[in-house]
Amino acid sequence: MVSTSELSRKLNVSANYVPKIAKKLKNAKIVTACEGTNGGYMLAKQPENISLMDIISCVEETMAINRCLEEDRFCSRNLEDTCKIHKILLSLQNTYNNKLESVKVSDVIRPGEDEYFGRFYVVLKLNLKEKSYECVYSHIREVYEKVRKTESYEEFISQYVERYVYASDKKMVHDFLSSEGLEERLVDGCEEKDLPYRRITGKDKNAYVWMEAKNI
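The text that follows walks through the structure, step by step, so that each part is easy to find. All values reported here derive from a predicted model rather than from experimental measurement.

1. Here we look at the overall build of the protein chain
A tally of regular secondary structure across the protein chain gives 9 helices and 6 strands. Compactness check: the protein chain gives a C-alpha radius of gyration of 23 Å against a globular reference of 17 Å for 216 residues, more than 25% above the reference. Taking the principal axes of its C-alpha atoms as reference, the protein chain extends roughly 70 × 50 × 40 Å. The burial tally for the protein chain puts 28% of its 216 residues in the buried class. Taking the intrachain contacts of the protein chain between residues at least 6 apart in sequence as the baseline, contacts between residues at least 24 apart amount to 45%. Within the protein chain, one finds 34 positive and 35 negative side-chain charges whose respective centroids are separated by 3 Å.

Quick look at the structure:
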């Protein structure tokens, strides 16, 4: 169960806007709502049973990419049956719909091994002022659990480097990701830098894949 205020904060939208969208999702039986102090919203189905098409089609007025593809097939020239452009648009519409149908919520929140960044992708959000951090996403549950058990960002980075980074790259990666190093490199409060490194893929310490650490 997720509250309106939490959704507003995490999605960076107005708290007044959340119920309007949630109402449409509720009517489509995608979410359920619970009122009260501890109320909020939760999925009404398993994420693998909800497609992007289900979600987008219930909050948008139309899914048609052109007027002639609406249900009434309106065409100002009455050529919808012979227009070659109409046939091309119809083909594009079918591709669009099929893609949205094929992508499930579970694919979005738990990307597969063919995810662009690879199956070792981890996202950490660090607050340099408060020295606090959170794991926004990790494909590997093991890494996410490590984040929850460590008491500080520095401790997590040390554990991550020791366990997953190729021996020759350990110091380089640790220096790159440490909060102290981040503070030293800030320019006008910002930094954007990439670092290629080797990540160990299994028990064999010499088996690795190339990764890229990003500070943004």
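2. A word on the pairing of strand β3 (residues 122-127)
Note: β3 against strand β4 (residues 132-138), 6 bridges, orientation antiparallel. Following the sheet pairing, V122 is matched in β4 by S138. Between the antiparallel neighbours β3 and β4 lie 4 residues, among them K131 with a positive phi of about 60°.

3. Focus: the pattern of salt bridges
According to the stated counting rule, one finds 7 salt bridges in the structure shown. Between K125 and E134 there is a salt bridge, with the nearest N and O atoms lying 3.4 Å from each other. Assessed through its relative accessible area of 39%, E134 is described here as partly exposed. Among the ionic pairs, D169 bridges to R198, the shortest N-O distance being 2.9 Å. One end of the pair, D169, is in the loop between α7 (153-164) and α8 (170-177); the other, R198, is in strand β5 (residues 193-200), with 29 residues separating them in the sequence. Neither D169 nor R198 differs from the other in exposure class; each is buried. It is possible to trace a salt-bridge network through shared partners that takes in D194, E212 and K214.

4. Side note on unusual backbone geometry
As a rule of thumb, non-glycine residues mostly have phi less than zero, and peptide bonds are mostly trans rather than cis. In this structure, K29 takes a positive phi of about 60° despite not being glycine. Assignment of secondary structure puts K29 in the loop between α2 (18-27) and β1 (31-34). Although it is not a glycine, R73 adopts a positive phi angle of roughly 55°. In this structure, R73 sits in the loop between α3 (52-59) and α4 (84-102).

What counts and how
- Residues numbered from 1 in each chain as written.
- Predicted model: local features only at pLDDT ≥ 70, side-chain atom pairs only at ≥ 80, totals over all residues.
- Heavy atoms only, no water.
- Helix = DSSP H or I, 4+ residues; strand = E, 2+ residues; numbered from the N terminus.
- Rg over C-alpha atoms; globule rule 2.2 N^0.38 Å.
- Buried < 20%, exposed > 50% of the residue type's maximum accessible area, 1.4 Å probe, protein only.
- Contact = heavy atoms within 4.5 Å.
- Lys, Arg positive; Asp, Glu negative; His and termini not counted.
- Charge placed at Lys NZ, Arg CZ, Asp CG, Glu CD.
- Pairing = 2+ DSSP bridges.
- Salt bridge = Lys/Arg side-chain N within 4 Å of Asp/Glu carboxyl O.

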